[in-house]
Number of protein chains: 2
Amino acid sequence: MRQAGRYMPEYRALRQKASFLELCRTPELAAEVTMLPIDLLDVDAAIIFSDILVILELFGKEFDFIEGHGPKIENPISTPEAVKLLEARDAKGGLQYVAQAIRLLLPRLKVPLIGFCGAPFTIASYMIEGGSSREFHKTKNFLYTHPDAMHQLLTKITDATIDYMLLQQEAGVAAIQLFDSWAGVLGFQAFHSFSLRYLDRIVRQWHRIGKVPLILFARKAGLFAQDLVQLRPSALSFDEQTSLSQIRMITPENIALQGNLDPELLYAPIPIIQKEATRLLQEMSDDPGFIFNLGHGIKPDIPFSHVKALVDLVKNYRS
Amino acid sequence: MRQAGRYMPEYRALRQKASFLELCRTPELAAEVTMLPIDLLDVDAAIIFSDILVILELFGKEFDFIEGHGPKIENPISTPEAVKLLEARDAKGGLQYVAQAIRLLLPRLKVPLIGFCGAPFTIASYMIEGGSSREFHKTKNFLYTHPDAMHQLLTKITDATIDYMLLQQEAGVAAIQLFDSWAGVLGFQAFHSFSLRYLDRIVRQWHRIGKVPLILFARKAGLFAQDLVQLRPSALSFDEQTSLSQIRMITPENIALQGNLDPELLYAPIPIIQKEATRLLQEMSDDPGFIFNLGHGIKPDIPFSHVKALVDLVKNYRS
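Remember, it's a predicted structure, so these values are computed and weren't measured experimentally.

Enquirer: Residues and numbers for the overall build of chain A, please.
Expert: Assigned secondary structure in chain A consists of 14 helices and 9 strands. Here the C-alpha atoms of chain A give a radius of gyration of 19 Å, agreeing with the 20 Å that 2.2 N^0.38 yields for 319 residues. The C-alpha extent of chain A, read off along each of the three principal axes, is 55 × 45 × 35 Å. Sorting the 319 residues of chain A into buried and exposed places 60% on the buried side. Long-range contacts, defined here as pairs at least 24 residues apart, represent 71% of the contacts in chain A between residues at least 6 apart. On chain A, roughly 12900 Å² of surface is accessible, and the fraction owed to carbon and sulfur atoms is 50%. Charged side chains of chain A number 33 positive and 36 negative; the gap between the two group centres comes to 1 Å.

Enquirer: So what's going on with the sheet that holds strand β4 (residues 113-118) of chain A? Residues and values would help.
Expert: Residues and elements named next belong to chain A. Strand order across the open sheet formed by 7 strands is β1-β4-β5-β6-β7-β8-β9, with parallel pairing between neighbours. In this open sheet, the two edge strands, each paired with only one partner strand, are β1 (46-47) and β9 (290-294). Lying on the sheet, helix α9 (residues 147-171) is in contact with β4, β5 (175-180) and β6 (214-218); it crosses β4 at an angle near 170 degrees.

Enquirer: Lay out unusual backbone geometry with the relevant residues and their values.
Expert: All names here are of chain A. With omega at -15 degrees, the peptide bond leading from G259 into N260 counts as cis. Position of N260 among the secondary structure elements: in strand β8 (residues 256-261). Of note, the phi angle at D42 is positive, near 60 degrees, even though the residue is not glycine. Counting through the fold element by element, D42 comes out in the loop between α3 (27-41) and β1. With relative accessibility at 43%, the residue D42 sits in the partly exposed group. Even without a glycine there, the phi angle at R232 is positive, about 60 degrees. With respect to the element layout, R232 can be found in the loop between α11 (225-230) and β7 (235-237). Judged by relative accessible area, which is 46%, R232 ranks as partly exposed.

Enquirer: Give a detailed account of the relation of the copies chain B and chain A, specifying residues and quantitative values.
Expert: Screw-axis analysis of chain B against chain A gives a translation of 0.0 Å along the axis, an RMSD of 0.0 Å, and a rotation angle of 180 degrees. Seen this way, the second copy is the image of the first under a two-fold rotation axis. For chain B, the minimum C-alpha distance to the rotation axis belongs to L223 of chain B and amounts to 2.3 Å. Same-surface contact between copies: 100% of interface residues of chain B are shared with the interface of chain A.

Enquirer: Any details on the state of the cysteines? Residues and values, ideally.
Expert: Each disulfide consists of a covalent bond between the sulfur atoms of two cysteine residues. Here the structure, examined in full by the defined rule, presents 0 disulfides over all chains. There is no disulfide at C117 of chain A, and the cysteine sulfur nearest it, in C24 of chain A, is 14 Å away.

Calculation notes
- Residues numbered from 1 in each chain as written.
- Chains lettered and ligands numbered in written order.
- Predicted model: local features only at pLDDT ≥ 70, side-chain atom pairs only at ≥ 80, totals over all residues.
- Heavy atoms only, no water.
- Helix = DSSP H or I, 4+ residues; strand = E, 2+ residues; numbered from the N terminus.
- Rg over C-alpha atoms; globule rule 2.2 N^0.38 Å.
- Buried < 20%, exposed > 50% of the residue type's maximum accessible area, 1.4 Å probe, protein only.
- Contact = heavy atoms within 4.5 Å.
- Areas by Shrake-Rupley, 256 points an atom, 1.4 Å probe, with all protein chains shown as cover.
- Lys, Arg positive; Asp, Glu negative; His and termini not counted.
- Charge placed at Lys NZ, Arg CZ, Asp CG, Glu CD.
- Pairing = 2+ DSSP bridges.
- Axes fitted to C-alpha atoms, helices over the stretch in contact; angles between N-to-C directions.
- Least-squares fit on C-alpha atoms with pLDDT ≥ 70 in both.
- Disulfide = S-S within 2.5 Å.

Right under this line is the structure:
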């Protein structure tokens, strides 16, 4: 989860030279940043340095990341007409730089490389809000008021997402993680109609054309674990609110479970981090399908030494 | 849920004359504001106009509400020593103005009056953060680093909360709602240790000394519905993420279920609000223990006419 980032002095040094988007769009730089956690932390897998919002390029949507404010998307969607006009070009055309970064990385890596993209509801919410949001009231207003247009938007994003996943697969990633970061803001009915339905479409399609595992992460949606399990992705990733050992009871053995240490725990002193991480490792120590992970991304002001201590503990753990 | 508030022109007019805290602390004004939704919306119950933070007065903590920024608490707690020094005086001494507002209201009301207070974890998080928070990292750091002090803090708040509930009961409320607004930010283990345990203490104690029903609301904690049901409060209130008809399957008939229309829906056009509210009413129409409510509070910029249309629909609904 956000392996490379501002909590690393080496990353901050690179950001002196290039903006976040320049790092994403320049294959050599994206590859260099992707390598940082491998070189500095010795993690077991690399995750391509990018952002879920790069897919907006396929729709011709301009966007940028404003320091301290997060993403800003030009001309957010506010009408059904705007959805009708939306057209995605091929990922091969618009996101070749991601494929190039993947290809540059493969010969340099001794560990698997994970690709990723945003889930349709999450991408749609950015397109409608025009940026980050706390309450998502534009998105909710849009989906309640214009459900048909919302479904049309989600369908267009779903198609582009599958295209983008194929691009990453063809470039050589060993797995792809799908992030539904904002699915948890939806009510019960809305989650099923506007998030789950499109996760289902992607997973079904991936069962036909995917050659690499698909890891599905829907944040703050542990309440819907049963629904997510029924999609049968290769792996499910959960945030810290769930108990992975409880989720295992309803999850077949051939679906891996990934997660879910509270990322806020990394603010605590190292012995506390070690104690809580050990508790999670013990809870899942009998589970061959467990992948240790955080419940969400690492915050920029987390001390690097805390992250290093966590990775060392996990790598040296023997049950 | 926040029946009286800035979405009402009449409330905004009163706020020209007095600050939010002055309204809370002046029994005549608090009573006047409490009456607004009765007079203007004709709702089936009144909820005393107050704030969960008034309990801080018992601990001698200064606080205020800053326009557009939410609450600000002086000298937030950051050390175990600060917890040790914390002492609560009697609710009878510190929160008499709430009891007086309740007494003023009883002869004026033809509907039941509901009292309320914050749950221990939620109040503790305000004391530690010093205000509202998005990530709660001071609170989490404190509870992970100083679990014993956190338990001491929660115990002190629990005792003061029960005392405050008794004060409201003696003044004459017909029911009390306990709000654990921020329980949902905790990870699985932390929720059980630092939120649920204290909800359990309060509900157990209330089974002994309470004469009026206790309604328990833990926001974004639908994942823990089973645990909450096991506490056996008189009623459970849920936010919009849960399906109340699913919750009913695990909830005995003698526990009422309250909720849970998405408050963001109130931004949508009236016919959409009516459609979605009807869907919820139909879902629960066979359930004699259902109390229609929002999933959380009404936002200040919601049009009053939308709230009025919702109340009219619910009051006129016949299954």
